[in-house]
Amino acid sequence: MTGLQALLPSSVVCVETTTDRDIELYPQERAAIERAVPKRQAEFTTARWCVRQALSRLGLPAAAVVPQERGAPGWPPPVVGSITHCPGFRAAALALRADVLSVGIDAEPNEPLPVGVYEAVSCARERADRVRLGHLGVAWDRLLFSAKESVYKAWYPITHRSLDFTDVVVRIEPDGTFEARQLVAPARVNGTTLSGFSGRWAARGGLIVTAVVV
Ligand SMILES: CC(C)(COP(=O)(O)OP(=O)(O)OC[C@H]1O[C@@H](n2cnc3c(N)ncnc32)[C@H](O)[C@@H]1OP(=O)(O)O)[C@@H](O)C(=O)NCCC(=O)NCCS
């Protein structure tokens, strides 16, 4: 297991699995993926298994979680959360809305990004940091990418604003933390001004995982 839960506060319940689960989907969930390729159906279904386990651990009944605007998951009203899947790994992190404003999690293979992607998703400041972390045995470009995906997954559901990879500067620390600073106008959400995010990361079992909690 990747230890994603260890990157999150105890108010956030994270369920992860390396095995696909064949559960009965709700009709709305089934409708969302009935034309998808088998790989997509498997990741979607197993992520819903993770969601239901997490809902149960929060003391809540199972519920449908269907992709909404721009793919963001439609959570039952009492919860916020985030889903990630990559080859051989699926996870969902959920918390009560009363405790947490938003969550973002992401998992990626600990392998370099395809040629050209790193340049497209990073800025000069971040590329200079790469040297500083070069000794860690982590695919640093992939870690940066994952941190930004976690930021976006936490950002979008509460702002409904897009965020480009170069709209955020991420500073990754060797101690397993990162800070993300927005270069776009801050957002006001529930009386909180969002101009940046604090996150955590880990690399284990061939995967890089990142998490952001607001
Ligand atoms: C949405 C996105 C982050 C998903 O990442 P991914 O690596 O493709 O896929 P993952 O398996 O890790 O995550 C997929 C899950 O993300 C969630 N997701 C999709 N769109 C989302 C959104 N707009 N907001 C929040 N979560 C979203 C969904 O729950 C999805 O799983 P599901 O379809 O089974 O419900 C990515 O496709 C994307 O659009 N990135 C561009 C925007 C971005 O990252 N900007 C960086 C700003 S610094």
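Everything quoted here is computed from the prediction, not taken from an experiment.

K.L.:
It is not clear to me how the UniProt feature "binding site: CoA" (unreviewed entry) in the chain should be interpreted in this structure. Could you clarify?
P.N.:
Feature annotation in UniProt assigns "binding site: CoA" (unreviewed entry) to the following positions: R40, R48, T84, H85, D106, E149, K153 and L163. The greatest C-alpha distance among the residues just named is 25.9 Å, and with 124 residues of sequence between them they are spread in space as well. Excluding residues within four positions of it along the chain, R40 makes contact with I33 and H85. In this fold, K153 is placed in helix α5 (residues 140-159).

K.L.:
What's the story with the site of the ligand in this structure? I'm lost.
P.N.:
Around the ligand sit 22 residues in total, of which R40, R48, H85, E149 and K153 are the nearest. Taking D106, its side chain carries an N or O atom lying 2.9 Å from an oxygen atom of the ligand. Within the side chain of K153, one N or O atom sits 2.7 Å away from an oxygen atom of the ligand. In isolation the ligand has 920 Å² of accessible area, and contact with the protein removes 81% of it.

K.L.:
Whenever I open this one, the pattern of salt bridges confuses me. Can you help?
P.N.:
Under the criterion given, the structure shown has nine salt bridges. Across the pair R40 and E43 runs a salt bridge, and its minimum N-O distance is 3.1 Å. Here E43 and R40 lie together in helix α2 (residues 38-57), a separation of three residues that amounts to about one turn. Look at R40 and you get partly exposed, because its relative accessible area is 27%. Residue classification places E43 among the buried positions, given a relative accessible area of 12%.

K.L.:
Can you walk me through the UniProt feature "binding site: Mg(2+)" (unreviewed entry) in the chain in this structure?
P.N.:
UniProt tags D106, A107 and E108 as "binding site: Mg(2+)" (unreviewed entry). Structurally, D106 is set in strand β6 (residues 103-109). When neighbours within four sequence positions are excluded, D106 is seen to be in contact with T84, S146, E149, S150, K153, I208, V209 and T210. E108 sits in the buried class, given a relative accessible area of 9%. With sequence-adjacent residues up to four places away left out, E108 is seen in contact with C86, R142, F145, S146, E149, G206, L207 and I208. In terms of polar contacts, E108 uses its side chain to reach the side chain of R142, at 3.2 Å.

K.L.:
I tried to follow the pairing of strand β12 (residues 207-213) on my own but got confused; where do I start?
P.N.:
Sheet faces and side chains relate simply in a regular strand, where the side chains alternate between the two faces. Taking burial as the measure, the seven residues of β12 include six buried ones, the bulk of the element. Bridge count for strand β11 (residues 196-204) against β12 is six bridges, and the pairing is antiparallel. Residue pairing for β12: A203 is matched across the bridge by I208. Hairpin connection, β11 to β12: the antiparallel pair is bridged by two residues, and G205 has positive phi, about 60°.

K.L.:
What am I meant to see in the environment of V213 here?
P.N.:
Looking at the secondary structure, you find V213 in strand β12. Considered as a pair, V213 and V103 are 110 residues apart in the sequence and their alpha carbons are 4.6 Å apart. Once residues lying within four places of it in the same chain are set aside, the contact partners of V213 are L8, P9, V12, V100, S102 and S198.

K.L.:
Looking at this structure, I do not really get the pairing of strand β5 (residues 89-96). What am I missing?
P.N.:
Most of β5 is tucked away, with seven of its eight residues classed as buried. The pairing of strand β1 (residues 12-17) with β5 spans six bridges and is antiparallel. Looking at the pairing, E16 lines up with A91 of β5. Pairing analysis gives eight bridges linking strand β4 (residues 79-86) to β5, with the strands arranged antiparallel. Along β5, the bridge assignment pairs V80 with A95. Counted between consecutive antiparallel strands, the loop separating β4 from β5 contains two residues, among which G88 sits at a positive phi close to 80°.

K.L.:
How should the nonpolar core be read in this particular structure?
P.N.:
One recurring pattern in soluble globular proteins is that nonpolar side chains are buried together. The biggest cluster of nonpolar side chains holds 31 residues, and the ones touching the most others in it are V170, I172, F178 and F197. The greatest single-element share of this core, amounting to ten residues, is contributed by α5. If we ignore the near neighbours within four places in the chain, the residues touching V170 are E126, D129, L144, A147, K148, F178, E179 and A180. Judged by nonpolar contacts, the second largest core, of 19 residues, contains L8, C86, A95 and V103.

Definitions and cut-offs
- Residues numbered from 1 in each chain as written.
- Predicted model: local features only at pLDDT ≥ 70, side-chain atom pairs only at ≥ 80, totals over all residues.
- Heavy atoms only, no water.
- UniProt positions renumbered as here; feature names shortened; annotations may be inferred.
- Contact = heavy atoms within 4.5 Å.
- Helix = DSSP H or I, 4+ residues; strand = E, 2+ residues; numbered from the N terminus.
- Near = heavy atom within 4 Å.
- Polar contact = N/O pair within 3.5 Å; in protein donor to acceptor, adjacent residues only side chain to side chain.
- Areas by Shrake-Rupley, 256 points an atom, 1.4 Å probe, with all protein chains shown as cover.
- Salt bridge = Lys/Arg side-chain N within 4 Å of Asp/Glu carboxyl O.
- Buried < 20%, exposed > 50% of the residue type's maximum accessible area, 1.4 Å probe, protein only.
- Pairing = 2+ DSSP bridges.
- Core = buried A, V, L, I, M, F, W, Y, C linked by side-chain atoms within 4.5 Å.

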